[in-house]
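So you can see what is in the structure, the chains are spelled out below.
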Amino acid sequence: MHHTFLEYVLDDLAKKQLDITNCTYVLPSKRSGTFLKKHISARLEKNIFGPQVLSIEEFIGNLSDLNQASNIDLLLLLFKVYKQSQIEKSDDFASFINWGQTLLQDFNEIDGYLIPATDILNYLSAIKEINHWSASKEKTELVENYLQLWKNLETLYHDFYNALLEQKRGYQGMIQREAVKAIQNETYPDPDRNPVVFVGFNALNAAESTIIQHYLEQGNSHIYWDIDSYFLNDPIHDAGLFIRDYQYNWPYYKHGHKIEPQANFLQNKNIRIVGVPKSISQTKYVGQLLQEIGDENAMDLTKTALVLADETLLRPMLNAVPSSIPEVNITMGMPLDKTVLYSFFMNFLELHLNVSERGWFYKRVLEFVSNPYTLTLSRESQGTFAQRLSKDIKEGNLLYINAEALAKYPKAEILLSIIFPQGAISPMDWIKNSLLLIERLKTTYQEEKNALELEYLYRFYALFNQLDQYLDKVDFMGELKSIKNLFKQLANMETLDFIGQPLTGFQIMGMLESRNLDFETVIITSVNEGILPSGKSNNSFIPFDVKRDYGLPTYKEKDAIYVYHFYRLIQRAKNIYITYNTEPDVLEGGEKSRLITQLLTDKNLKQHIAHTITTPKISIDPKPLVQIQKDGKFMEDLRAFAQNGFSPTSLTNYIGNPVDFYTRNILKINDLEEVEENIAANTFGTIIHDSLEELYTPLIGQLLTEENIKALKEQVPEVVQYHFTKNLSGVDISKGKFLLVYKVVLKYLHNFLDDEIKHLKRHQIKILALEERYEELITVPGVDFPIKLKGTLDRVDEFDGTIRIIDYKTGKVEPKNVKITDWETLITDYDKSKAFQLLCYAYLYSKKHGTTDVLAGIISFKRLSQGLYPFSKNSDTRIHTETLATFESYLFLLISEICNAGVPLTEKVN
């Protein structure tokens, strides 16, 4: 018979002649209590009233006469006490909430570990004073305010504690401290009380430890530890860290009692450790694994638990569970701030935090309208205003959206009046409008019978009503900023609980929900450093060394708790699958966990363990390449295009991807514009080109001199400013991002002119033409209609007698882009598009002027120091008659392919 820990406890109690129905059981969690009741009922022959089964919180709560206060009530009360304290410059609620939560956790730990608060808080205050000690007598106001909080910490603690006592409420640590006081004042223990059985604890704080020892020493109480002798007898194994400590230090064990470990860990088991790239792939792998287990024997799934070390994987995991699994029980909560609906309300709030007299800031509007829930709402309001609004913002380059812009969508008027109410909104308005949005979404999801979405909506509906009640009670929530932090905090603490049948079916749970439970097959995901164990997370004001001095848990003890849970889960299991992420990034923990390394290096497990790196079998159907046949309509459009003229850019578009050439050049479909809050690369280039043209135009036909260029430098700011205003109407270049861009353009132009002066010291330069348009009709063999080739040459000059054709580029250019060794690459490799453009310009120039011996090159503003990047064929930079003749043959080849109705346009994938 495969024994679970809870069955082992009941068997042992029976051996001790105890009536298992007459004991009071105390367990780490309610969930393990449910399983214990199941095991007890399986042993009964008749119906009885069940024994008392309590979680440790309930048990300790019964000893004190305090009720557990909700976290948010505690925060609001702490803020009230803080505001009444002696601190002169106190924070507002929005700032307080950022550190108030941490302070609450520290108070909770201090009480739970029964540390005299006066001692540790004064010690902390003294440390802070020393840390900020400086030779100068005067402390800055900032430091003074900071130290004032620490000096008043002890008073704050006592005032808070007493305020809660008056209300007969408390936080967990405080309830534990009061419970310890209550049992120490208890003179006569109750002789008729039922035996108390403590089951499956591990890391106890000082209060829990004192209470449990108190019961054990009074007799008529029993304790069972879920620990394997393999860990308990190993002096350095972290899984046994706490229980070894109790064995050595509890008087109960010094006086003849013994811890009785079990011996299951080294029994036959099959451990498979699998490294999978990325978190989502782990869920896919687990999906396949579950399918295999179910196919072999569907009953095995009822004895299987999937433990998610990273609880944020719950949603993708649910999508990966095979549909053939009939029952899935989720016994873990999903924090509300991990849901998409939370991001919808956060986007709604951000929208109103970023509103000014000019309207709503476009970025926040775009974020909000692209949220899936906004799209659902917009569908319900006859017409898709969300997509239309998004398109209008991009096409109209709207930085702010005002009432006038919203008037274009009359069908969605009611919905828009909720999302974009006129005037500034108060926190109360935001809550009221959020509830109205919930109502509208509810109607849609009820029609669709979408139970999961309705569950999400209901949780947020409750959350907003809760917020509403708090706002009624307090007067310091005047600003939306304050409610943002409170909403974040609430959504983080509240969970969406999936209510399942915990006793049947396949189980999905978090690490803590697995306490005291045993399964034949266990799958543990995300076993990476920083997730399991969670590593250093320092959300406490108490420094590490002070924690050590006072016996408070540090990250080392917190790691040991996870190590214990991990080993406890696998000690009785027969099949264990452990997955970890082989490609972690910042948000997904670190390298594979030390727990895996520990298993792999354990010589006693060698024969049971297999370690592989895998990628889940994900079938991806290759997407067929798009092919467009050149029908009559296409050829008609192409003729019109050819008459208007092929530009070098349109031809290189074809070389890059024929389908792009079709959409951009023939159909004139450009990528949807983005709102230019930053400056787009093409606008940046236009401003530089236009400025250079204006500066140099008076010098056409002249030999340049150093004086000319120095005079041009004076004009640069004014010219650039003019072209900025011309190309980007409505932007302010006196501040912000545009000021930086303006400065960059000035820098580029000054560097360019300085370079020109440097050349003039040793060379003669004469400007022949600027931004000149060239057009040439050409006859291509095999094409029965005339073709025009056109292009604009940025600059043509004479450099020591050599004619140079210069193209300005503000983007990145590399020498390989303008060098060719094989002519074929010119019309097949998009990387050579810049060489192709330069040859086009040289070809057009020679056709017009009959000159063939020229130099064509690019000046890159990003790399001005490199000078001109000249076109070269096998290191020859001069463009001769033969060069142009060969280029012409390849140009004709390319154009005849484009104009050949028999060759379809086939997509190229780069």
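Quick note: structure is the one above.
Model, not experiment: these values are computed from the prediction. (Residues numbered from 1 in each chain as written. Predicted model: local features only at pLDDT ≥ 70, side-chain atom pairs only at ≥ 80, totals over all residues. Heavy atoms only, no water.)

1. Some details on the overall build of the protein chain
Part 1 of the argument: Along the protein chain, the regular secondary structure elements total 36 helices and 27 strands.
Part 2 of the argument: Taken over the C-alpha trace, the protein chain has a radius of gyration of 37 Å; the compact-globule value for 910 residues is 29 Å, which it surpasses by more than 25%.
Part 3 of the argument: Counting only residues that meet the buried cut, the protein chain has 51% of its 910 residues in that class.
Part 4 of the argument: Carbon together with sulfur atoms contributes 50% to the accessible area of the protein chain, which is approximately 43600 Å² in total.
Part 5 of the argument: Averaged over its 97 positive side-chain charges, the protein chain has a centre that lies 2 Å from the centre of its 118 negative ones. (Helix = DSSP H or I, 4+ residues; strand = E, 2+ residues; numbered from the N terminus. Rg over C-alpha atoms; globule rule 2.2 N^0.38 Å. Buried < 20%, exposed > 50% of the residue type's maximum accessible area, 1.4 Å probe, protein only. Areas by Shrake-Rupley, 256 points an atom, 1.4 Å probe, with all protein chains shown as cover. Lys, Arg positive; Asp, Glu negative; His and termini not counted. Charge placed at Lys NZ, Arg CZ, Asp CG, Glu CD.)

2. Brief notes about the packing of aromatic side chains
Part 1 of the argument: Throughout the structure, instances matching the rule amount to 56 aromatic pairs.
Part 2 of the argument: With centroids separated by 6.4 Å and ring planes inclined at 10°, the aromatic side chains of Phe 646 and Phe 661 adopt a geometry described as stacked. Of this pair, Phe 646 sits in the loop between helix 28 (632-644) and helix 29 (648-656) while Phe 661 is found in helix 30 (residues 658-666), placing the two residues 15 residues apart along the sequence.
Part 3 of the argument: An aromatic cluster is built from Tyr 342, Phe 344, Phe 345, Phe 348, Phe 368, Tyr 373, Trp 430, Tyr 445, Phe 460, Phe 464 and Phe 487, whose rings are joined through pairwise contacts.
Part 4 of the argument: When the ring centre of Tyr 696 is taken as reference, the NZ or CZ atom of Arg 795 above it lies at 5.3 Å. (Phe/Tyr/Trp six-rings, centres within 6.5 Å; stacked < 30°, edge-to-face > 60°. Lys NZ or Arg CZ within 6 Å of the ring centre and 35° of its normal.)

3. Regarding the pairing of strand 8 (residues 304-308)
Part 1 of the argument: For strand 8, the tally of buried residues reaches 5 of 5 residues, placing the bulk of the element in the interior.
Part 2 of the argument: Here strand 8 shows a buried face lined by Thr 304, Leu 306 and Leu 308 and a second buried face lined by Ala 305 and Val 307.
Part 3 of the argument: As defined by bridge partners, strand 8 adjoins strand 16 (residues 521-525) across 5 bridges and the pair is classed as parallel. Bridge pairing in strand 16 links Thr 304 to Thr 521. (Pairing = 2+ DSSP bridges.)

4. Here we look at the nonpolar core
In globular proteins that are soluble, nonpolar side chains generally tend to be buried together.
Part 1 of the argument: One finds Tyr 25, Trp 225, Trp 430 and Phe 566 to be the most contacted residues of the largest nonpolar core, which totals 198 residues.
Part 2 of the argument: Counting residues per element, this core draws most heavily on helix 4 (residues 71-83), which supplies 9 residues. (Core = buried A, V, L, I, M, F, W, Y, C linked by side-chain atoms within 4.5 Å.)

5. A closer look at the sheet that holds strand 1 (residues 24-27)
Part 1 of the argument: The parallel open sheet is built from 4 strands, whose spatial order is 2-1-5-6. Of all the strands in the sheet, just strand 2 (52-55) and strand 6 (221-224) have a single pairing partner and so form its edges. This sheet shows a mean twist of 20° between the axes of neighbouring strands, independent of strand direction.
Part 2 of the argument: The strands touched by helix 3 (residues 56-63) within the sheet are strand 1, strand 2 and strand 5 (196-199), with strand 2 carrying the most contacts at an inclination of about 95°.
Part 3 of the argument: Those strands touched by helix 10 (residues 206-218) are strand 5 and strand 6, and its axis lies near 130° from that of strand 6. (Axes fitted to C-alpha atoms, helices over the stretch in contact; angles between N-to-C directions. Contact = heavy atoms within 4.5 Å.)

6. Observations concerning the sheet that holds strand 11 (residues 355-356)
As a general point, the strands of a sheet are linked pairwise by backbone hydrogen bonds and lie either parallel or antiparallel.
Part 1 of the argument: As summarised here, the arrangement of the 3 strands in space is 11-12-13, forming an open sheet in which the pairing is antiparallel. One side of each edge strand has no neighbouring strand; the edge strands of this open sheet are strand 11 and strand 13 (400-401).
Part 2 of the argument: Bridging between strand 11 and strand 12 (residues 359-361) involves 2 bridges; their strand directions are antiparallel. Note on strand 12: the bridge partner recorded for Val 355 is Trp 360.
Part 3 of the argument: Each of strand 12 and strand 13 is contacted by helix 17 (residues 362-369), which is oriented at about 75° to strand 12, the strand it contacts most.

7. Brief notes about the pattern of salt bridges
Part 1 of the argument: Scanning the entire structure with this criterion turns up 36 salt bridges.
Part 2 of the argument: Between Glu 58 and Lys 30 there is a salt bridge; the shortest N-O distance is 3.9 Å. One end of the pair, Glu 58, is in helix 3; the other, Lys 30, is in helix 2 (residues 30-42), and 28 residues separate them in sequence.
Part 3 of the argument: Under the relative-accessibility criterion, Lys 30 is labelled exposed at 59%.
Part 4 of the argument: Here Lys 761 and Glu 706 are joined by a salt bridge, their closest N and O atoms 3.3 Å apart. (Salt bridge = Lys/Arg side-chain N within 4 Å of Asp/Glu carboxyl O.)

8. Details of the side chain of His 237
Part 1 of the argument: One can find His 237 in the loop between helix 11 (229-232) and helix 12 (241-249).
Part 2 of the argument: A distance of 3.1 Å separates a polar atom in the side chain of His 237 from the backbone nitrogen of Ala 239.
Part 3 of the argument: Not counting residues up to four positions away in its chain, the partners in contact with His 237 are Phe 231, Arg 244, Val 563, Tyr 567 and Gln 598. (Polar contact = N/O pair within 3.5 Å; in protein donor to acceptor, adjacent residues only side chain to side chain.)

9. Notes on helix 35 (residues 833-849)
Part 1 of the argument: Taking 1.5 Å per residue as the helical rise, helix 35 with its 17 residues ought to reach 24 Å, and the 24 Å between its terminal C-alpha atoms agrees with that figure.
Part 2 of the argument: Within helix 35, 14 of the 17 residues are buried, which leaves the element mostly enclosed by the surrounding structure.
Part 3 of the argument: One or two steps after helix 35, the chain reaches Gly 850, where phi turns positive at roughly 70°. (Expected span 1.5 Å × (residues − 1).)

10. Notes on the environment of Gly 801
Part 1 of the argument: Mapped onto the fold, Gly 801 is located in the loop between strand 21 (787-799) and strand 22 (802-809).
Part 2 of the argument: For Gly 801, a relative accessible area of 56% corresponds to the exposed category.
Part 3 of the argument: In this structure the C-alpha to C-alpha distance between Gly 801 and Lys 747, which are 54 residues apart in sequence, comes to 30 Å.

11. Some details on the side chain of His 689
Part 1 of the argument: In this structure, His 689 sits in helix 31 (residues 681-696).
Part 2 of the argument: Contact partners of His 689, with chain neighbours within four places excluded, come to Glu 771, Asp 794 and Tyr 808.

12. Some remarks on unusual backbone geometry
Part 1 of the argument: Residue Leu 532 is joined to Pro 533 through a cis peptide bond whose omega torsion reads -5°.
Part 2 of the argument: Its location among the elements puts Pro 533 in the loop between strand 16 and helix 25 (544-550).
Part 3 of the argument: In this model, Asn 874 sits at a positive phi of 50°, which is unusual for a non-glycine residue.
Part 4 of the argument: Inspection of the secondary structure assignment puts Asn 874 in the loop between strand 26 (872-873) and helix 36 (881-899).

13. Section: the packing of helix 29 against helix 35
Part 1 of the argument: Viewed as axis vectors pointing N to C, helix 29 and helix 35 meet at an angle of 145°, and their least axial separation amounts to 10 Å. Along this stretch, helix 29 crosses helix 35, giving a crossing that reads as right-handed. Here Pro 648, Thr 649, Leu 651, Thr 652 and Ile 655 of helix 29 lie close against helix 35, whose contacting residues are Ser 833, Phe 836, Gln 837, Cys 840 and Tyr 841.
Part 2 of the argument: Broken down by class, the residue content of the contact of helix 29 with helix 35 amounts to 6 nonpolar, 4 polar and no charged. (Left-handed = near helix turned anticlockwise from the far one by under 90°. Nonpolar A, V, L, I, M, F, W, Y, C, P; charged D, E, K, R; others polar.)

14. Brief notes about the packing of helix 8 (residues 153-167) against helix 9 (residues 172-184)
Part 1 of the argument: It is the contact of helix 8 with helix 9, at a shortest axis distance of 12 Å, that shows an interaxial angle of 75°. As far as their axial angle goes, helix 9 and helix 8 are roughly perpendicular. Across the interface between the two elements, Tyr 157, Tyr 161, Leu 164 and Leu 165 from helix 8 touch Met 174, Arg 177, Glu 178 and Lys 181 from helix 9.
Part 2 of the argument: Residue classes in the contact of helix 8 with helix 9 are distributed as 5 nonpolar, no polar and 3 charged. (Parallel < 35°, antiparallel > 145°, perpendicular 65-115°, else oblique.)

15. So, the pairing of strand 21
Part 1 of the argument: Counting buried positions along strand 21 yields 11 of 13 residues, so the element is predominantly enclosed.
Part 2 of the argument: Inspection of the sheet shows strand 20 (residues 765-778) paired to strand 21 by 12 bridges, in the antiparallel sense. The residue bridging Leu 770 from the neighbouring strand is Arg 795, located in strand 21.
Part 3 of the argument: By the bridge criterion, 5 bridges tie strand 21 to strand 22 in an arrangement that is antiparallel. Looking at the pairing, Asp 797 lines up with Arg 804 of strand 22.
Part 4 of the argument: In this antiparallel pair of consecutive strands, strand 21 and strand 22, the connection spans 2 residues, and Asp 800 shows a positive phi of 50°.

16. Points about the environment of Leu 27
Part 1 of the argument: The topology assignment puts Leu 27 in strand 1.
Part 2 of the argument: By relative accessible area, Leu 27 is classed as buried at 0%.
Part 3 of the argument: Beyond its immediate stretch of four places on either side in the chain, Leu 27 contacts Leu 6, Ser 32, Gly 33, Leu 36, Val 53, Leu 54, Ser 55, Ile 56, Val 199, Phe 201 and Asn 516.

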